[in-house]
Amino acid sequence: MSTAWRMFCAFELTVDLQTRISAHATRVREAVPDAAASWSRPENIHLTMKFFGNVEPERVAAISGATERVCEQSSPVQVAVGKTGVFPRPSRPQVLWIGVEDPSGALAKLQQRLEDEFAREGFPKEDRAFRPHLTIARIRNPHDAARLAQTHLETNFSVVDVTLNELILFRSELSSKGSKYTTVSRHNLSQ
């Protein structure tokens, strides 16, 4: 039995935004009821800035310290949540998501500073480009998946302006009932 913790840092969403995402997901699910997908619980949807994977518990303090150093030198970030999307493509969807627009580039700069600080603590940088999004579902079976993706893309999700001001370090525990996220530390963007 591994003692490692699955760790990530992310911004939580407001209850209002969680409710809007839940309503969107319900409309899409009801339109294509036979599609097999694992739908994210609204309270579990976060804007992930860094996924660490399995981390030894004694290294968690280093992640928390690095997060604090970046956040205390950062200002709250304004983003726009909206637009629907699919990874990798609509004809072969695996993930349905709601997009996060970063018009000022401040979110991307924050993510890069976090990557740099985590790398100094010995955590490897992500090799994929940062594409901020909110995952609402993962496709489990190709049956009706393309139709589900198309419905998601065609279902309007009005843009919402959001201020991100607190980054949270989470522990993720997987179970047959879904993921359970526990807050390890909270970090205000306080500049």
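About the cut-offs
For every chain, the first residue of the written sequence is number 1, and numbering continues from 1 onward in sequence order. For this predicted model, a pLDDT threshold of at least 70 governs which residues receive local features, and a threshold of 80 or more governs which side-chain atom pairs are given and counted, while totals over whole chains, interfaces and linings are taken from all residues. As a rule here, side-chain values come from all non-hydrogen atoms in the structure, and water together with hydrogens is ignored. Here, any two strands with at least 2 DSSP bridges between them count as paired. The numbering of helices and of strands both runs from the N terminus, where a helix is a DSSP run of H or I of at least 4 residues and a strand a run of E of at least 2. Axes here refer to lines fitted to C-alpha atoms; in helices the fit is confined to the stretch in contact. Angles between the N-to-C directions go from 0 to 180 degrees. By this rule, a helix spans an expected 1.5 Å times one less than how many residues it contains. Each residue's exposure class comes from its accessible area (1.4 Å probe, protein chains only) as a fraction of the maximum for that residue type: buried when under 20%, exposed when over 50%, partly exposed otherwise. The directions considered for the arc run from the helix axis to the C-beta atoms. A contact between two residues is defined here by any heavy atoms of the two lying within 4.5 Å. For this analysis, a salt bridge means a side-chain nitrogen from Lys or Arg found within 4 Å of a carboxyl oxygen belonging to Asp or Glu.

1. Describing the sheet that holds strand β7 (residues 160-164)
1) Next: The antiparallel open sheet is built from 5 strands, whose spatial order is β2-β6-β5-β4-β7. Because the sheet does not close on itself, it has two edges, and the strands there are β2 (37-39) and β7. Going across the sheet, the axis of each strand differs from the next one's by a mean of 35°, ignoring polarity.
2) Next: Across 3 bridges, β2 lies against strand β6 (residues 133-139) in antiparallel orientation.

2. Topic: helix α2 (residues 60-71)
1) Next: With 12 residues, α2 extends 17 Å from end C-alpha to end C-alpha; this agrees with the ideal 16 Å at 1.5 Å per step.
2) Next: Listing the buried residues of α2 in full gives Val60, Ile63, Ser64, Ala66, Thr67, Val70 and Cys71. Projection of α2 onto a plane perpendicular to its axis shows the buried side chains occupying an angular sector of 165°, all on one side.

3. Some thoughts on the side chain of Gln18
1) Next: One can find Gln18 in helix α1 (residues 15-31).
2) Next: Given a relative accessible area of 15%, Gln18 falls into the buried group.
3) Next: If we skip the residues at most four places from it in the chain, Gln18 touches Leu13, Pro42 and Glu43.

4. Looking at the sheet that holds strand β8 (residues 166-173)
1) Next: Spatially, β3-β1-β8-β9 is the arrangement adopted by the 4 strands of the open sheet, whose pairing is antiparallel. The two strands at the open ends of the sheet, each matched to only one other strand, are β3 (46-55) and β9 (180-188). When the angles between neighbouring strand axes are averaged without regard to direction, this sheet yields 25°.
2) Next: Where β8 meets β9, 8 bridges bridge the pair, whose relative direction is antiparallel.

5. Topic: the pattern of salt bridges
1) Next: Following the criterion strictly, the structure yields 10 salt bridges and no others.
2) Next: Between Glu117 and Arg69 there is a salt bridge, and its shortest N-O distance comes to 2.7 Å. One end of the pair, Glu117, is in helix α3 (residues 106-120); the other, Arg69, is in helix α2, and 48 residues separate them in sequence.
3) Next: Classification of Glu117 as buried rests on a relative accessible area of 13%.
4) Next: With a closest N to O distance of 2.6 Å, Asp116 and Lys125 form a salt bridge.

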